[in-house]
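This is what each chain is made of:
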Amino acid sequence: MKRLLLLPLFVILFSCFAGIAAGQTNEQKRDATREKLRQLLESAGEKADINTNFRQSSKQPYNFVGMMRDGMNFNHVDGLEIVISVTKDETIGIRVYPHYKGEYINVSKAKDPLTFAKKLLNFSDHNFLFWGLDDTGDTFAGYTFTLESGFPTDAIVIVLRSIRNTDGFVGELKPFIDGISSAPATTHKGF
């Protein structure tokens, strides 16, 4: 009888330890992905068409932050804040926060928030990057990579090179942010 009681106890203990071991493995994978990303950002950030120094966030150790500004000749934004996250779900998320007139673009501060939000949805249909609002209402463009097929080195560089084009889309949002009555013609279809 004692042997029969020990078997379920053994199964329960084994399940607990297997779960702990799997958690450590996931964290080790996340750490390894972060290090690959760190190396990629150091080399890619130096390229003229990216020109961004990335640093590890002091608040979130799985985030890298950079400001794309110098040498980019933006027409509409002051700069583009880039946050790149290595998630627990084996993805890498890129979020690009445009800085306009010294601050984030917040839907609540837009002169025409409804049309502004509709334009963001339309951008998500037509743009390479998707558009959204974070929990505070700040606007971002983004891209998410899954790591199922390995670390996407070339694809990350392509997305980093595309980020500078966010400036033109902010130009299209300006009428709804500032309250100007007519929107400029869309020049970025298919991006």
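Refer to the structure presented above.
Being a predicted model, the structure only gives us computed values, none of them experimental. (Residues numbered from 1 in each chain as written. Predicted model: local features only at pLDDT ≥ 70, side-chain atom pairs only at ≥ 80, totals over all residues. Heavy atoms only, no water.)

**Looking at the layout of surface pockets**
Summary: where empty space remains is shown by rolling a probe the size of a single water molecule over the atoms.
Right, on to step 1. Here the largest pocket defines a volume of roughly 180 Å³.
Right, on to step 2. With six residues, helix H1 (residues 2-44) is the largest single contributor of residues to the lining of the largest pocket. (1 Å grid on protein atoms, 1.4 Å probe; cavity = no way out; pocket = protein on both sides within 12 Å on 5 of 7 lines; lining within 4 Å. Points joined across faces, edges and corners; volume = space filled by probe spheres on them. Helix = DSSP H or I, 4+ residues; strand = E, 2+ residues; numbered from the N terminus.)

**A word on the packing of helix H2 (residues 113-126) against helix H4 (residues 166-178)**
Right, on to step 1. H4 packs onto H2 with a crossing angle of 160° between their chain directions and a minimal axis gap of 9 Å. By the criterion of interaxial angle, the relationship of H2 to H4 is roughly antiparallel. By crossing handedness, the relation of H2 to H4 is classed as right-handed. In this structure, H2 uses Thr115, Phe116, Lys119, Leu120 and Phe123 to contact H4, whose residues at the interface are Phe169, Glu172, Leu173, Phe176 and Ile177.
Right, on to step 2. Per-class residue counts for the contact of H2 with H4 are seven nonpolar, one polar and two charged. (Axes fitted to C-alpha atoms, helices over the stretch in contact; angles between N-to-C directions. Parallel < 35°, antiparallel > 145°, perpendicular 65-115°, else oblique. Left-handed = near helix turned anticlockwise from the far one by under 90°. Contact = heavy atoms within 4.5 Å. Nonpolar A, V, L, I, M, F, W, Y, C, P; charged D, E, K, R; others polar.)

**Observations regarding H4**
Right, on to step 1. The end-to-end C-alpha distance of H4, which contains 13 residues, comes to 18 Å, matching closely the 18 Å that a straight helix rising 1.5 Å per residue would cover.
Right, on to step 2. Along H4, the largest kink reaches about 40° and is centred on Glu172; proline Pro175 follows within four residues of it.
Right, on to step 3. With 11 of 13 residues buried, H4 is to be regarded as a mostly interior element.
Right, on to step 4. Considered for burial, the residues of H4 that qualify are Thr166, Asp167, Gly168, Phe169, Val170, Gly171, Glu172, Leu173, Pro175, Phe176 and Ile177.
Right, on to step 5. On the buried face of H4, the contacting elements are strand E3 (79-86), strand E4 (91-100), H2, strand E6 (130-133), strand E7 (139-146) and helix H3 (153-162).
Right, on to step 6. Of the residues one or two after H4, Gly179 is the one with positive phi, at around 85°. (Expected span 1.5 Å × (residues − 1). Bend = angle between axes of the 7 residues up to and from the residue. Buried < 20%, exposed > 50% of the residue type's maximum accessible area, 1.4 Å probe, protein only.)

**Let's talk about H2**
Right, on to step 1. Given a rise of 1.5 Å per residue, 14 residues ought to cover 20 Å, and the 20 Å separating the end C-alpha atoms of H2 matches this to within 8%.
Right, on to step 2. Those residues of H2 not exposed but buried are Phe116, Lys119, Leu120 and Phe123. The buried residues of H2 all sit within an arc of 105° when viewed along its axis, so they share a single face. Residues Leu114, Lys118, Leu121 and Asp125 are exposed on H2 and point more than 90 degrees away from its buried face. (Arc of directions from axis to C-beta.)

**What about the pattern of salt bridges?**
Right, on to step 1. The full count for this structure, using the stated rule, is eight salt bridges.
Right, on to step 2. The closest approach of N and O atoms between Glu172 and Lys119, which form a salt bridge, is 3.6 Å. Taken together, the residues span a long stretch of sequence, with Glu172 in helix H4 and Lys119 in helix H2 at a distance of 53 residues. The same class applies to Glu172 and to Lys119, which are both buried.
Right, on to step 3. Several salt bridges share partner residues, and in doing so they unite Asp31, Arg34, Glu35 and Arg38 into one network. (Salt bridge = Lys/Arg side-chain N within 4 Å of Asp/Glu carboxyl O.)

Shape is all these values report; function is a separate question.
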